[in-house]
Amino acid sequence: MQAILLRHALRELRAHAARYVSLPALTILATYLVVSILAAAQSVIATTTGAAARNALEDGQFTLARTLTDEERDELVDAGVSVEAEPSLDFTVRNAAGTDATLRLLANRTDIDRVDVAAGRAAQGADEALVERRYAEVNGINAGDTLELGGRTLTVVGIGISPDYELCVREPSDAYAEASAFGTIFVTSQTYDELRDAGAASTAETLTYAYRFDASEATLPARDQVTTNADLRVWLRDHVGAALSGFMTAQDNPRVLAAADDVSINVRVSLFAGVIVFALVAYAVSVFVAHTVESERRSIGTLRALGVSSAQLVVAYALLATLMCLAGGIIGTALGYSGPGMSMTTDSTTGYYSVPNLQTAYVPWVVAHGLAMPPAIALVVNVIALRRLLSPPVLALLGDGPARAGEGSSRRRAPRGRADRIERAGFFRAFQLAQLSRDRRGVLAVLGGLFVSLLVLVLSLDCLVLASSAKTITADTITYERMYLLSDSSAKLPDDAEPAFVRGFTTTVDGYSMDVSVIGIEDANPYFPAVDDLHADEVNVGSITAQKLGLAPGDDFYLTDAATGSSYRLTVRDVVDYDSGLVCFMGAAGMRELFGMPAGYANVAYAAHPLDLDADAVFSTTTRDNLLSAVDAVSEQMGPMVATLMSASVAIALVVLYQMTKVMVDRSSQGIALMRVFGYRAREVRRLYLNGSLALVALTTPVLIVAAKAVIDAAYPSFIANVVIPFNVAWPAWLYAVVYAGVLVAYLLVRTLLVRHVNSVSPREVLGADA
């Protein structure tokens, strides 16, 4: 009997090849969409974390106003802390675009944060240099080229990556990286000293020390060892006191393992999209199964009468769909792991972060997700649907009784009022309404498939809108042209400079450590919202800050000083319109009082134009264009994922609309044949059986678009939990119109394909469904 059922399955495949080809096609699209994003994200995570371990990524770093003495370094080693000095100098150079850029000069490292050489080799000679990968790529620098730095010509001998500058930004508080304007360069210690002594740097030297806890090197008893960040803070406070100007753990450092943090968003998005598209696959399978059983109802009844068990029939009818989904899962997984498939999303990572060459990571759960999920869904849905559909008695399957699958309720007479309205609508419209009313399952199939496709499309468009609106919002928010981070707070500033006292803190949002800047400003500062009448412990918070931290006026919250480990409780006076980074505003006098700084203290100056400041008085300079270009870089980074989601949603929508509408037409094949026998022309038959679904799609699509937008908007904030970016996914009205028009165009395309199918229905089919 199983052999008979197997041959029946093969005949079914030949007879309805288009239907069964569409199932693996849909599965391939769904699997590819999920696996390509997951595989790319896991490869980025595996590559960057592997490189971090291989190159001895720091456990943290601290900055001093003086160098550590040899005795202090020996004490730290004895206490189980390895320390490596990583001083730096910034130099202003001309980039490939002919504008000013900053190259941060560092010496080669030996123990901590070692450079990973991607091409060429590390600097070994006096006039040799290794350039950070992203800066080299954007500015067209290759091994063998030369560059001018501090009045000296250096030969580039290598391109590389350091794990402490994976997100290559000037300051940890910088929200975005701009590779064309900032990069790092590594030379020998001797060359570093010579360039420092030449005095051509644009900023004063920063004395940073990287550390790693290494108990194996400790010589002190366990109770005297330094094993935690808190212990090290205490040690530094006791030994270097006020010379400590900065302390940051690797966990709080946004430059470290930034790419892995970023792609974790992609993992969440792809898993969410996976739930949607695999639900769509399950839905399509259930529709196909119901249609197959319904069309072969009498054959199934005959087999049941001959003694074939329900279990045998379930296996026979589930086999084909399960195998089709398995094939689709295999192909989709292979495509997702292919070079072109992964590059759709990895290109955005390598185009923004300074990471090593990515190695494909075949994570077992991702592979299993792609291979097993589609056939498992198909099998489960088939078994559930078939057990229900095959449950009626044999006589009910053989006859036209009320147990006939999917038709029982539709055969009830319509209420008198509705029947009257249908009769008044005219024959063609009344027929279309009756047809849609009779085939409610097909109507739900079309609308359900369309809704799921719209979910994926809305997700991609929300990404696009978020990225495109970020620059506009940032441009409206930032009104200064120059921001100078001062190394000498006593430096005399020009009258047109706006001094401020800025201090960085850390906080945790949804498990992610984020930097928050508290800016103390004078009342008349034209670049920030006013801070009138604030008490010393009160702040106004920017709108993004309020959104991310869930703050409202009157709320208390805590910020931690990374350098000292001290926490401060602050009260929100007001939420102000400021959409760039996580910032709080205080009155300058109150802030100095709170943090014990002298009157007039300022470490940042803002201006509407370049200021003539002494180079030794400036740590770094950030321009408004730098910030806007960096926002552009983030937008470009999201581009490939948006393109993947959008193209997949369009393809899925076309396949689903075609197949679900075709199922409706197939169910009406006897009626179409009857109309032909009665002499209706092809145009009239198409009007009766296709125009109704066109009107259905046209009328319900606006509701489906709004519903899909509401679902995605509710889930979207969790996708960008670790990103500080103006959150605006509100669509302009024209975008709703474009999506609506796109759906109609897609349906008209599907309808065009179905016209040929309707025209092919033979009048002989009026003799019976099994004819």
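The name given to the protein chain in an unreviewed UniProt entry is ABC3 transporter permease C-terminal domain-containing protein, with Thermophilibacter immobilis as the source organism. The annotation that UniProt attaches to the protein chain under Subcellular location (unreviewed entry) is "Cell membrane".

> I keep staring at the overall build of the protein chain and nothing clicks. Help me out?
Helices and strands together make up the secondary structure of the protein chain, namely 22 helices and 20 strands. The principal-axis extent of the C-alpha atoms belonging to the protein chain is close to 100 × 55 × 50 Å. Looking at the protein chain residue by residue over its 771 residues, the buried ones come to 53%. About 32400 Å² of surface is accessible on the protein chain, with carbon and sulfur atoms providing 57% of the total. Charge-centre separation for the protein chain: the mean point of 60 positive side chains lies 25 Å from the mean point of 80 negative side chains.

> Whenever I open this one, the domain arrangement of the protein chain confuses me. Can you help?
Note: interface size is frequently given as the accessible area lost on complex formation between the parts. Domain parsing of the protein chain yields domain 1 (1-55 + 258-401), domain 2 (60-256), domain 3 (421-478 + 624-770) and domain 4 (482-609). Here the C-alpha centre of domain 4 lies 52 Å away from the C-alpha centre of domain 1.

> Help me out: how do you make sense of the packing of helix α7 (residues 258-295) against helix α11 (residues 364-389) in this one?
Geometrically, a packed helix pair is captured by the angle between its two axes and the distance between the axes. As a packed pair, α7 and α11 sit with axes 9 Å apart at the nearest point and diverge in direction by 35 degrees. Relative to α11, the crossing made by α7 is right-handed. Contact residues: α7 offers L271, F278, A282, V285, S286, V289, A290 and V293, while α11 offers W365, H369, M373, P374, I377, A378, V381, N382, A385, L386 and L389. Its residues assigned to classes, the contact of α7 with α11 comprises 16 nonpolar, three polar and no charged.

> Looking at this model, I keep getting lost on the UniProt feature "transmembrane region" (unreviewed entry) in the protein chain. Mind explaining?
Under the local residue numbering, the UniProt record ascribes the feature "transmembrane region" (unreviewed entry) to residues 20-41, 271-293, 314-337, 362-385, 442-461, 638-658, 688-711 and 731-750. Taken end to end, residues 731-750 comprises 90% helix and 0% strand; its first and last C-alpha atoms sit 27 Å apart.

> I'm lost on a nonpolar patch on the surface in this one. Help?
Together, L319, L323, L326, I330, I331, L335 and L371 make up a nonpolar patch on the protein surface, roughly 540 Å² of accessible area in all. Counting residues per element, the nonpolar patch draws most heavily on helix α9 (residues 310-337), at six residues. According to the relative accessible area criterion, L319 is partly exposed, its value standing at 36%.

> What should I look at first to understand the environment of F451 in this one?
Turning to its location among the elements, F451 is positioned in helix α15 (residues 440-477). Placed 174 residues apart in sequence, F451 and D625 show a C-alpha to C-alpha distance of 41 Å. If we ignore the near neighbours within four places in the chain, the residues touching F451 are L704, A707, A708 and V711.

> Is there a simple way to think about the UniProt feature "domain: ABC3 transporter permease C-terminal" (unreviewed entry) in the protein chain in this case?
As annotated by UniProt and renumbered to match this structure, "domain: ABC3 transporter permease C-terminal" (unreviewed entry) occupies residues 272-391 and 646-762. Secondary structure content for residues 272-391 is 82% helix and 0% strand, while the C-alpha to C-alpha distance between its ends is 35 Å.

> Please explain α11 as it appears in this structure.
Side chains three or four residues apart in an α-helix point the same way, a direct result of the helix having 3.6 residues per turn. The first and last C-alpha atoms of α11 sit 36 Å apart over 26 residues, in line with the 38 Å expected at 1.5 Å per residue. In the structure, α11 departs most strongly from a straight axis at A372, where the bend amounts to approximately 40 degrees and where the proline P374 lies between one and four residues downstream. For α11, the full list of buried residues reads V366, H369, G370, P374, P375, I377, A378, V381, N382, A385, L386 and L389.

> Just to check I follow, could you spell out the pattern of salt bridges for this structure?
Side-chain pairs of opposite charge can arise where the charged atoms are in close proximity. Taken as a whole and judged by the stated rule, the model has 20 salt bridges. The salt bridge partner of E128 is R121, with a shortest N-O separation of 2.8 Å. Among the ionic pairs, D713 bridges to K709, the shortest N-O distance being 2.6 Å. With D713 and K709 both in helix α21 (residues 691-719) and four residues apart, this pair spans about one turn of that helix. Residue K709 is classed as buried on the basis of its relative accessible area, which comes to 4%. Several salt bridges share partner residues, and in doing so they unite D193, R196, D197 and E205 into one network.

> I'm lost on the sheet that holds strand β10 (residues 207-213) in this one. Help?
Sheet strands line up and pair through hydrogen bonds in the backbone, either parallel or antiparallel. In space, the four strands of this open sheet follow the order β2-β10-β1-β11, with antiparallel pairing throughout. Taken across any chain shown, the strands that pair with only one partner, and hence form the sheet edges, are β2 (81-85) and β11 (244-249). The sheet shows a mean angle of 20 degrees between the axes of neighbouring strands, direction not considered. Taken together, the five bridges between β2 and β10 define a ladder with antiparallel strand orientation. Each bridged residue has a counterpart across the sheet, and for S82 the counterpart in β10 is R212. Across the face of the sheet, helix α6 (residues 229-239) comes into contact with β1 (60-64), β10 and β11 while running at roughly 170 degrees to β11.

> Teacher, can you tell me more about the nonpolar core here?
One finds L454 and Y716 to be the most contacted residues of the largest nonpolar core, which totals 126 residues. Of the residues forming this core, the biggest block, 20 residues, is contributed by α7. By size, the runner-up hydrophobic cluster in this structure holds 25 residues, among which are V539, F557, M591 and V724.

> Explain unusual backbone geometry to me, please; I cannot follow it from the model alone.
The phi dihedral of A56 is positive, around 55 degrees, even though this residue is not glycine. With respect to the helices and strands, A56 occurs in the loop between α2 (17-54) and β1. Overall, the relative accessible area of 8% leaves A56 in the buried class. The phi dihedral of L257 is positive, around 50 degrees, even though this residue is not glycine. Note that L257 resides in the loop between β11 and α7.

> So what exactly am I meant to see when it comes to the side chain of T208 here?
Position of T208 relative to the elements: it lies in strand β10. Engagement of the side chain of T208 in a polar contact is seen with the side chain of T63, the distance being 3.5 Å.

> What should I look at first to understand the packing of aromatic side chains in this one?
The description of two aromatic rings rests on the distance between their centres and on the angle between their planes. For the structure on display, the rule yields 19 aromatic pairs. Note on Y480 and Y527: the rings are 6.1 Å apart at their centroids and 85 degrees apart in plane angle, and the pair reads as edge-to-face. In this pair, Y480 is assigned in the loop between α15 and β12 (482-486) and Y527 in the loop between β14 (512-521) and β15 (538-542), connecting sequence segments 47 residues apart. Overall, the relative accessible area of 5% leaves Y480 in the buried class. Looking at Y527, the relative accessible area reads 12%, which means it is buried. Pairwise contacts between aromatic rings join Y480, Y527, F528, Y578, F585 and Y606 into one cluster.

> What should I look at first to understand the confidence of the model for the protein chain in this one?
Detail in the predicted coordinates should be disregarded across regions flagged by low pLDDT. Taken residue by residue, the protein chain gives an average pLDDT of 82. The fraction at 70 or more is 91%. Per-residue pLDDT stays below 50 along residues 401-411; that stretch engages in 15 contacts with residues further than four places along the chain or on separate chains.

> Got a minute to help me understand the environment of Y362 in this structure?
Within the fold, Y362 resides in the loop between α10 (339-350) and α11. Along the backbone, Y362 and Y337 are 25 residues apart, and their C-alpha atoms lie at a distance of 8.4 Å.

> Teacher, can you tell me more about the environment of T227 here?
Tracing the backbone through its elements, the reader meets T227 in the loop between β10 and α6. Residue T227 is classed as partly exposed on the basis of its relative accessible area, which comes to 44%. C-alpha separation for the pair T227 and V81, spaced 146 residues apart in sequence, amounts to 7.6 Å. Polar side-chain contacts of T227 include one of 3.4 Å to the side chain of D231.

Rules behind the numbers
- Residues numbered from 1 in each chain as written.
- Predicted model: local features only at pLDDT ≥ 70, side-chain atom pairs only at ≥ 80, totals over all residues.
- Heavy atoms only, no water.
- UniProt positions renumbered as here; feature names shortened; annotations may be inferred.
- Helix = DSSP H or I, 4+ residues; strand = E, 2+ residues; numbered from the N terminus.
- Buried < 20%, exposed > 50% of the residue type's maximum accessible area, 1.4 Å probe, protein only.
- Areas by Shrake-Rupley, 256 points an atom, 1.4 Å probe, with all protein chains shown as cover.
- Lys, Arg positive; Asp, Glu negative; His and termini not counted.
- Charge placed at Lys NZ, Arg CZ, Asp CG, Glu CD.
- Domains from an automatic or database assignment.
- Axes fitted to C-alpha atoms, helices over the stretch in contact; angles between N-to-C directions.
- Left-handed = near helix turned anticlockwise from the far one by under 90°.
- Contact = heavy atoms within 4.5 Å.
- Nonpolar A, V, L, I, M, F, W, Y, C, P; charged D, E, K, R; others polar.
- Patch = residues over 30% accessible without salt bridge, like charges linked within 9 Å, V, L, I, M, F, W, Y side chains within 5 Å.
- Salt bridge = Lys/Arg side-chain N within 4 Å of Asp/Glu carboxyl O.
- Expected span 1.5 Å × (residues − 1).
- Bend = angle between axes of the 7 residues up to and from the residue.
- Pairing = 2+ DSSP bridges.
- Core = buried A, V, L, I, M, F, W, Y, C linked by side-chain atoms within 4.5 Å.
- Polar contact = N/O pair within 3.5 Å; in protein donor to acceptor, adjacent residues only side chain to side chain.
- Phe/Tyr/Trp six-rings, centres within 6.5 Å; stacked < 30°, edge-to-face > 60°.
- pLDDT = per-residue confidence, 0-100.

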